[in-house]
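Structural overview for review
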Amino acid sequence: MKMSFLVGAAIGLMNVSILYFTWKRVLAKKSLVLPVSVIVFKYPILAAIFYVLISRHIINLAGLLIGLGAFMPAILLASFFQQVRGPKKKTNVSLKIDA
């Protein structure tokens with residue numbers, strides 16, 4: 001069960017990082033070919049990984065689902081604490097050298 005949770009958490013982390021990379025490219029108005037291809041190929045690859053791991057009984061389905069679901073509460077808690085703490089204050093530090 002522990003290994004299943006870790007595999008689910010690792011896949012969830014990979015999924016979130018790919019999502020971040022994809023949206024960063026889309027919002028920067030770069031070429032849409034890479035983000036679209038990432039989205040198109042990511043889901044069949046994830047489905048194949050899940051099929052192999054579950055069909056060969058390498059991992060437990062319940063542990064995998066718990067590991068995959070662990071990110072949503074973590075993201076919500078991080079967002080909540082960010083709002084409670086408030087935004088980081090930006091400091092304008094400029095160095096003026098008078099000659």
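In this report, the structure presented in the accompanying data block is examined. (Residues numbered from 1 in each chain as written. Predicted model: local features only at pLDDT ≥ 70, side-chain atom pairs only at ≥ 80, totals over all residues. Heavy atoms only, no water.)

**Focus on helix H3 (residues 61–69)**
For clarity, the cut-off: Burial classification: accessible surface area is computed with a 1.4 Å probe over protein chains only, and a residue below 20% of its type maximum counts as buried, one above 50% as exposed, and the rest as partly exposed. In this description a helix means any DSSP run of H or I spanning at least four residues, a strand means any run of E spanning at least two, and both kinds are numbered starting from the N terminus. Note that the arc is computed from the directions linking the helix axis to the C-beta atoms. Should any heavy atoms of two residues lie within 4.5 Å, those residues are considered in contact. Within 3.5 Å is the distance limit for a polar contact, defined as a pair of N or O atoms, with the added protein rule that one can donate a hydrogen and the other accept it, and that residues adjacent in sequence qualify only through two side-chain atoms.
Among the residues making up H3, those that are buried are Gly63, Leu64 and Gly67. With its buried residues spanning 100° around the axis, H3 presents them on a single face. Against helix H1 (2–27), helix H2 (33–55) and helix H4 (71–85) lie the buried residues of H3. N-cap assignment for H3: the residue whose side-chain oxygen lies 3.3 Å from the backbone N of Ala62 is Asn60.

**Some words on the nonpolar core**
Side chains that are nonpolar tend, in soluble globular proteins, to be buried together. This is how it is decided: The set of buried Ala, Val, Leu, Ile, Met, Phe, Trp, Tyr and Cys residues whose side-chain atoms join them within 4.5 Å is what this entry labels a nonpolar core.
Core analysis: the biggest nonpolar cluster contains six residues, these being Val7, Ile11, Leu46, Leu53, Ile59 and Leu64. Only H1 and H2 provide two or more residues apiece to this core. Every residue in contact with Ile59, bar those within four places of it in the chain, is listed here: Ser4, Val7, Leu53 and Leu64.

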